[in-house]
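# Residue-level structural notes
So you can see what is in the structure, the chains are spelled out below.
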Amino acid sequence: MVKTYAEFHQEGTTPEILFWVGCAGSFDQRAQKVTKAFVEILNHVGISFAILGKEEMCTGDPARRAGNEFLFQMMAYNNIQTMNMYEVKKIVTTCPHCFNTLKNEYPELGGNYEVISHAVYLQQLINSGKLALKGGGSFKGKKITYHDSCYLGRANAIYEAPREVLNALDSELVELKRCKTNGLCCGAGGAQMFKEDEPGATRINLERTKDILESGASVVASNCPFCLTMLSDGVKMNEKENEIEVLDMAEIIQRSL
Amino acid sequence: MAIVQQILFALITGTAIFFFYKKISEIRRNIMLGTKEVINDHSSERWRNVLLLAFGQKKMFTNPMVAILHFFVYAGFIIINIEILEIILDGLFGMHRLFFPILGAFYALLINSFEILALLVLVSVLLFLARRNIVKVKRLAMGELDGWPRNDANFILLFEVVLMSLFLIMNACDYNLQQLNHEHYAQTGSFVISQFIAPLFSGFSETSLVVLERSCWWLHIIGIFVFMNYLPFSKHLHIVLAFPNAYYASLEPKGKLQNMPAIQKEVLYMMQPELAPTDQAEAITKFGAKDVFDLSWKNLLDAYSCTECGRCTDACPANQTGKKLSPRKIMMATRDRLEEVGRNITANKSFQDDSKSLLHDYITEEELRACTTCNACVQECPVSIEPLDIIMQLRRNLVMEESKAPQEWNMMFGNIENNMAPWKFSPDDRDAWNT
């Protein structure tokens, strides 16, 4: 059981970090596994952390990007009220969309926190020696590829930290044809996740899956719950789900503890 | 006779500069139709962008081959302008190679480097023509360029071919005239490239050589004036606007969307009515952008800076998968609409409603809905244009002013409002995973 900020508050203590779970991490069955894996990592390093629990709300990212600024501002207002009440200082999140909104868009609305993506947090834990990965493990000798999410990648120029994390494994990191600044979107951003594609020749996730198949990797590392869904679907539609596993970075690290 | 030529030259120069100035003022006026946005922070970082992105063409170098060719044309353009200074002074004072006695040996070095550049420009431009018309590179052959945009691109390239050829032929004739000891032609000696063209004209009489040399000289300088005046009507304006556009480029992380303080305030007063001002006299604001007037001046500068290279569209995931959205088309549509508004203002003194708007008449809902906000277009643009910023402002207008959102988005909005999540789950279950 992860303690909530409210519970810490009642005890008169404050945790070191807030783990922002996000809507996908809270409700989506696949993303819940990522949430649990990340919690296990946090428990493993023994850091004091809390979640907002029922007090957490959507950051408003999909509403804002669909064009509904009112709804975004309402969600932001409520979240900032909650976090400022608890005097939150540092946030780590497993969703790059939440990360981007909390880090770049909340400050001018009155929410100033140190916000860190779980990919970068994992890199810091590994580099500082707080998180030791066991050699071998289930990824030994496997070809792993990394999919840059738009919101960690181009939106926030985080390219190296996640790769460093994957390089800490006993496996071979291969790059996709389109990667880093040139990375191809999975098709979910800008609130596309919540609607059908516009008419076109193919789906964006299938276009991206081509790159994955071409890379010859047996594991795809993702850092975003929406990319996770999109890429898993793409791999399934190519009937390759038995050969290629699409995993979040947190799951990969949790399996290597 | 010479004085007639001098007067004629002065008249042509004056006319060219006058019309250029007039058109540039019009463009400036059009850009200023946009909303005010003060951009004057972090000037050192901004100058750095001008150096790296505009002068250094940093982003072009993701494709080194094309970047080098483009750099030749660009360097040729800038550096050969020094030669144009001499040509203009020669023309005005009725002299020939005015700088030669002043610069001495250095003069030959200068002209030699211009000639080498001219040749490099010539070769590059021919390769560019081939890329557009023979190889048909995808982004340069797309249907959205049909008509004027495609012709515009080819005109410019052909223009460069003509200008560079005239320059080299002129020098070749000049050398032949030097050989004949024509008194007007200073003994500069042969130049590095034109010496190979000179033999072509060696059998010509002195008079024909003079006529040919003078014709090239006049056509070359008139060509340059024509080119200068063509520029503001063309996509080629990027050679000027890339510089200010790099200076005013956003320095924020690309993921950060522009805040809307009017709505922020409205939500604040709704949640904390005690903060609301008692005298409710706030002007009604329009949300998002419907027409060019609602975009910021930087968005409009973006539109004029676009050279329609299509790197944005090439990288766009929606476009790659056959959707209607093309970031380049967004920029072209914005410029076309702005030009139309500009013509309206020029004709009627002030803008007269033409019952058209950028949204719907130039850019459709379907295009706007296809965007994943992935920022690939912004990342790719060599001249710091942000198509995404325009897309987002139009989307805001669609949703908040026209209530036009796909049904699924309306459901998502409803879910966020009622369940604090974009899906239909009970907010009580938000921590159900934690049991």
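What you see is a predicted model, and the numbers here were worked out from it, not measured in a lab.

### Points about the overall build of chain A
Along the backbone of chain A there are eleven helices and eight strands. Its C-alpha atoms give chain A a radius of gyration of 18 Å, within 12% of the compact-globule value 18 Å for 257 residues. On the principal axes, the C-alpha backbone points of chain A span a range of 50 × 45 × 30 Å. Intrachain contacts of chain A at a sequence separation of at least 6 include 78% that bridge at least 24 residues. Summed over its atoms, the accessible surface of chain A is roughly 9,300 Å², and 47% of this surface lies on carbon and sulfur atoms.

### Looking at the interface of chain B and chain A
The interface of chain B with chain A comprises 60 residues on the first partner and 69 residues on the second. Both sides of the chain B and chain A interface together cover about 5,600 Å² of buried area, and 65% of this is carbon and sulfur. Considering only the side of chain B, the residues that lose the most area to chain A are Trp423, Arg430 and Trp433 of chain B, jointly responsible for 15% of the buried surface there. Here Lys256 of chain B makes a salt bridge to Glu108 of chain A, at a shortest N to O gap of 2.8 Å. Scanning the region where chain B abuts chain A turns up 31 residue pairs in polar contact (both at pLDDT 80 or more). Taken together, the elements giving at least two residues each to the side of chain B that touches chain A come down to helix 10 (261-271), helix 13 (317-320), helix 16 (365-369), helix 17 (376-380), helix 18 (387-400) and helix 19 (407-419) of chain B. The leading source of residues in the side of chain B that touches chain A is helix 10 of chain B, at seven residues. In terms of residue class, the side of chain B that touches chain A is made up of 30 nonpolar, 15 polar and 15 charged.

### Considering the domain arrangement of chain A
All names here are of chain A. According to the domain assignment, chain A consists of domain 1 (5-123) and domain 2 (133-255). Each partner contributes to the interface: domain 1 provides 27 residues, whereas domain 2 provides 28 residues. Here domain 1 packs against domain 2, burying approximately 2,200 Å² in sum over the two surfaces, 71% of which is carbon and sulfur. Ranking the residues of domain 1 by area buried against domain 2 places Arg30, Pro96 and His97 at the top, with a combined share of 24%. Taken together, the connections running from domain 1 to domain 2 amount to one salt bridge. Of the charged contacts, one joins Glu251 and Arg30 as a salt bridge, the two residues approaching to 2.9 Å between their closest N and O atoms. Taken together, the connections running from domain 1 to domain 2 amount to eight residue pairs in polar contact (both at pLDDT 80 or more). Where the side of domain 1 that touches domain 2 is concerned, the elements lending two or more residues are helix 3 (29-45), helix 4 (61-66), helix 6 (96-105) and helix 7 (118-127). Of the residues contributing to the side of domain 1 that touches domain 2, the split by class is 14 nonpolar, seven polar and six charged.

### Concerning the sheet that holds strand 5 (residues 143-146) of chain A
Residues and elements named next belong to chain A. A sheet is described by the order of its strands in space; here four strands give the open sequence 6-5-7-8, paired in parallel fashion. Looking at strand neighbours, the two that pair on one side only are strand 6 (172-174) and strand 8 (245-248), the edges of this open sheet. Strand-to-strand twist of the sheet, defined as the mean angle between neighbouring strand axes without regard to direction, takes the value 35°.

### So, helix 9 (residues 238-247) of chain B
With seven of ten residues buried, helix 9 of chain B is to be regarded as a mostly interior element. If you follow the buried residues of helix 9 of chain B, they end up packed against helix 2 (43-55), helix 3 (64-93) and helix 11 (297-305) of chain B.

### Structural notes on the environment of Tyr269 of chain B
With respect to the helices and strands, the residue Tyr269 of chain B is situated in helix 10. Take Tyr269 of chain B: its relative accessible area is 21%, and that puts it in the partly exposed class.

### Examining the nonpolar core
Counting 98 residues, the largest nonpolar core has Phe38, Met83, Ile91 and Tyr121 of chain A together with Phe413 of chain B as its most contacted members. Sequence-distant contacts of Phe38 of chain A, that is, excluding residues within four places in its chain, are made with Phe19, Val92, Thr94, His118, Tyr121, Leu122 and Ala250 of chain A.

### A closer look at the sheet that holds strand 3 (residues 90-93) of chain A
Strands pair in a sheet through their backbones, by hydrogen bonds, and they do so in one of two ways: parallel or antiparallel. Residues and elements named next belong to chain A. Across the sheet, four strands lie side by side as 2-1-3-4; this open sheet has parallel pairing. Edge strands, defined here as strands with exactly one partner in the open sheet, are strand 2 (49-50) and strand 4 (114-117). Here strand 1 (residues 17-20) runs beside strand 2; their pairing, made up of two bridges, is parallel. Residue pairing for strand 2: Ile17 is matched across the bridge by Phe49. The strands touched by helix 6 are strand 1, strand 3 and strand 4; relative to strand 4, the strand with the most contacts, the crossing angle is about 160°.

### Some words on helix 10 (residues 225-237) of chain A
Residue and element names in this part refer to chain A. Over its 13 residues, helix 10 runs 18 Å from end to end, which matches the ideal 18 Å to within 8%, given 1.5 Å per residue. Along helix 10, ten of the 13 residues are buried, which leaves the element largely enclosed by surrounding structure. All of the buried residues along helix 10 are Pro225, Phe226, Cys227, Leu228, Thr229, Met230, Leu231, Ser232, Gly234 and Val235. Looking one or two residues past helix 10, Glu239 carries a phi angle of roughly 55°, positive in sign.

### Observations regarding the domain arrangement of chain B
Entries for chain B in the domain assignment read domain 1 (2-31 + 63-247) and domain 2 (405-435). Computed from C-alpha atoms alone, the centre-to-centre distance between domain 1 of chain B and domain 2 of chain B is 63 Å.

### Things to note about the side chain of Thr307 of chain B
Residue and element names in this part refer to chain B. By secondary structure assignment, the location of Thr307 is in the loop between helix 11 and helix 12 (311-315). Relative accessible area serves as the criterion here: at 15%, Thr307 is assigned to the buried category. In contact with Thr307, other than residues within four places in its own chain, are Lys235, His236 and His238.

### Thoughts on the pairing of strand 1 of chain A
All names here are of chain A. Covered by surrounding structure in strand 1 are Ile17 and Phe19 together with Leu18 and Trp20, the residues of both alternating faces. Pairing of strand 1 with strand 3 involves three bridges; the strand directions are parallel. Of the residues in strand 3, the one forming a bridge with Phe19 is Val92.

### Description of unusual backbone geometry
Residues and elements named next belong to chain B. Look at Glu308: it is not a glycine, yet its phi comes out positive at around 60°. Among the secondary structure elements, Glu308 is positioned in the loop between helix 11 and helix 12. You will see that Thr373, though not glycine, has its phi angle at about 55°, which is positive.

### Examining empty space enclosed by the protein
Residue and element names in this part refer to chain A. For the structure shown, the criterion picks out 13 cavities of 30 Å³ or more. Considering only enclosed or pocket space, the largest cavity measures out at about 130 Å³ in volume. For the largest cavity, the lining is made up of 16 residues, of which Cys23, Pro62, Cys95, Cys98 and Phe226 are closest to its centre. Elements with a minimum of two residues in the lining of the largest cavity: helix 2 (22-27), helix 4, helix 6 and helix 10. Here the lining of the largest cavity gets four residues from one element, more than from any other, and that element is helix 2. Looking at the lining of the largest cavity residue by residue, the classes come out as eleven nonpolar, four polar and one charged. Lining the lining of the largest cavity are residues from two domains, each supplying at least three of them: domain 1 (5-123) and domain 2 (133-255). In this model, the second largest cavity occupies a volume close to 90 Å³.

Rules used throughout
- Residues numbered from 1 in each chain as written.
- Chains lettered and ligands numbered in written order.
- Predicted model: local features only at pLDDT ≥ 70, side-chain atom pairs only at ≥ 80, totals over all residues.
- Heavy atoms only, no water.
- Helix = DSSP H or I, 4+ residues; strand = E, 2+ residues; numbered from the N terminus.
- Rg over C-alpha atoms; globule rule 2.2 N^0.38 Å.
- Contact = heavy atoms within 4.5 Å.
- Areas by Shrake-Rupley, 256 points an atom, 1.4 Å probe, with all protein chains shown as cover.
- Buried area = accessible area lost by both parts, 1.4 Å probe.
- Salt bridge = Lys/Arg side-chain N within 4 Å of Asp/Glu carboxyl O.
- Polar contact = N/O pair within 3.5 Å; in protein donor to acceptor, adjacent residues only side chain to side chain.
- Nonpolar A, V, L, I, M, F, W, Y, C, P; charged D, E, K, R; others polar.
- Domains from an automatic or database assignment.
- Pairing = 2+ DSSP bridges.
- Axes fitted to C-alpha atoms, helices over the stretch in contact; angles between N-to-C directions.
- Buried < 20%, exposed > 50% of the residue type's maximum accessible area, 1.4 Å probe, protein only.
- Core = buried A, V, L, I, M, F, W, Y, C linked by side-chain atoms within 4.5 Å.
- Expected span 1.5 Å × (residues − 1).
- 1 Å grid on protein atoms, 1.4 Å probe; cavity = no way out; pocket = protein on both sides within 12 Å on 5 of 7 lines; lining within 4 Å.
- Points joined across faces, edges and corners; volume = space filled by probe spheres on them.

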